[in-house]
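# What the coordinates show
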Amino acid sequence: MKKTYTIQTVNHTPISDEKGSIIWHLIEPDGRQRKVNGVTSIDKAGLIDSARSVYARETPLVESLLLHNEGETFSIDFTEFNKAQGYINREIYADMQRCQKFSCMVRKLGRVLAVAGILIVLWLGWTFYQSANQFAQKQPLRPSTHELP
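Residues numbered from 1 in each chain as written. Predicted model: local features only at pLDDT ≥ 70, side-chain atom pairs only at ≥ 80, totals over all residues. Heavy atoms only, no water.

### Some remarks on the pairing of strand β2 (residues 19-27)
Rules: Accessibility here uses a 1.4 Å probe with only protein chains present; expressed as a share of the type maximum, an area under 20% marks a residue as buried, one over 50% as exposed, and anything in between as partly exposed. Starting at the N terminus, helices and strands are each numbered in turn, a helix being any DSSP run of H or I of at least four residues and a strand any DSSP run of E of at least two. Here a strand pair is declared whenever DSSP counts at least two bridges between the two strands.
Where burial is concerned, the two faces of β2 differ: the one with Gly20, Ile22, Trp24 and Leu26 is buried and the one with Lys19, Ser21, Ile23, His25 and Ile27 is not. Here eight bridges tie strand β1 (residues 2-14) to β2, and the two strands are oriented antiparallel to one another. Note on β2: the bridge partner recorded for valine 10 is tryptophan 24. Where β1 hands over to β2, the hairpin turn is made up of four residues, counted between the paired strands. Here nine bridges tie β2 to strand β3 (residues 33-42), and the two strands are oriented antiparallel to one another. Bridge assignment links tryptophan 24 to a residue of β3, and that residue is valine 36. Between the antiparallel neighbours β2 and β3 lie five residues, among them glycine 31 with a positive phi of about 95°.

### Some words on the nonpolar core
Inclusion rule: Nine residue types can take part in a nonpolar core, namely buried Ala, Val, Leu, Ile, Met, Phe, Trp, Tyr and Cys, and a core is a set of them joined through side-chain atoms within 4.5 Å. Contacts between residues were defined by any pair of non-hydrogen atoms, one from each residue, lying within 4.5 Å.
Among the nonpolar cores identified, the biggest contains 13 residues, and Tyr5, Trp24, Leu26, Val36, Leu61, Leu65 and Phe74 are the most heavily contacted of them. Secondary-structure elements contributing two or more residues to this core are β1, β2, α1 (59-65) and β5 (73-77). Sequence-distant contacts of valine 36, that is, excluding residues within four places in its chain, are made with Ile22, Ile23, Trp24, Leu26, Glu58, Leu61, Val62 and Leu65.

### Focus: the packing of aromatic side chains
Stated formally: Centres within 6.5 Å are what make two rings of Phe, Tyr or Trp a pair, Trp counting through its six-membered ring; a difference in plane orientation under 30 degrees is then read as stacked, over 60 as edge-to-face, and the rest as tilted.
By the definition in use, this model includes two aromatic pairs. Plain terms: the ring middles of tyrosine 5 and phenylalanine 74 are 6.0 Å apart, the flat faces sit at 40° to each other, and that makes the pair tilted. With tyrosine 5 in strand β1 and phenylalanine 74 in strand β5, this pair connects stretches of sequence that are 69 residues apart. Residue tyrosine 5 is classed as buried on the basis of its relative accessible area, which comes to 0%. Looking at phenylalanine 74, the relative accessible area reads 4%, which means it is buried.

### Concerning the pairing of β1
Alignment of β1 against β5, held across five bridges, turns out to be antiparallel. Opposite threonine 6, over in β5, you have threonine 73 as the bridge partner.

So far we have only geometry, and geometry alone does not tell us how the molecule works.
And the structure:
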């Protein structure tokens, strides 16, 4: 599985003289943002000597990220790593992602229908109010049976 990433930002925070934390903010080809965390080893000059990923699955990605800078776009092929680690192909989750998108569409449709329902109730209320007003205006005035002294 080959993927292309663009490095949006890189944040490195020294934790001690020898260790640090690094976070890469990436953009995937479909526009989704992704955050990758790593732990760095810092040399005596204060520069990053090496980094290891927090999650084993991201090991080749972190190794490749160390070779690139902010703003760069690069591609990486995870096929061999996934085979060696016995990871299944993530494309089997495509149906699940489609279902999530469908669920999101249903939620949006529900909101649209709720707003439409509210508008219809308001319109019916306004129509009833106007009809009642017109009806009241057409009624003849009755003389009062109780006169004030």
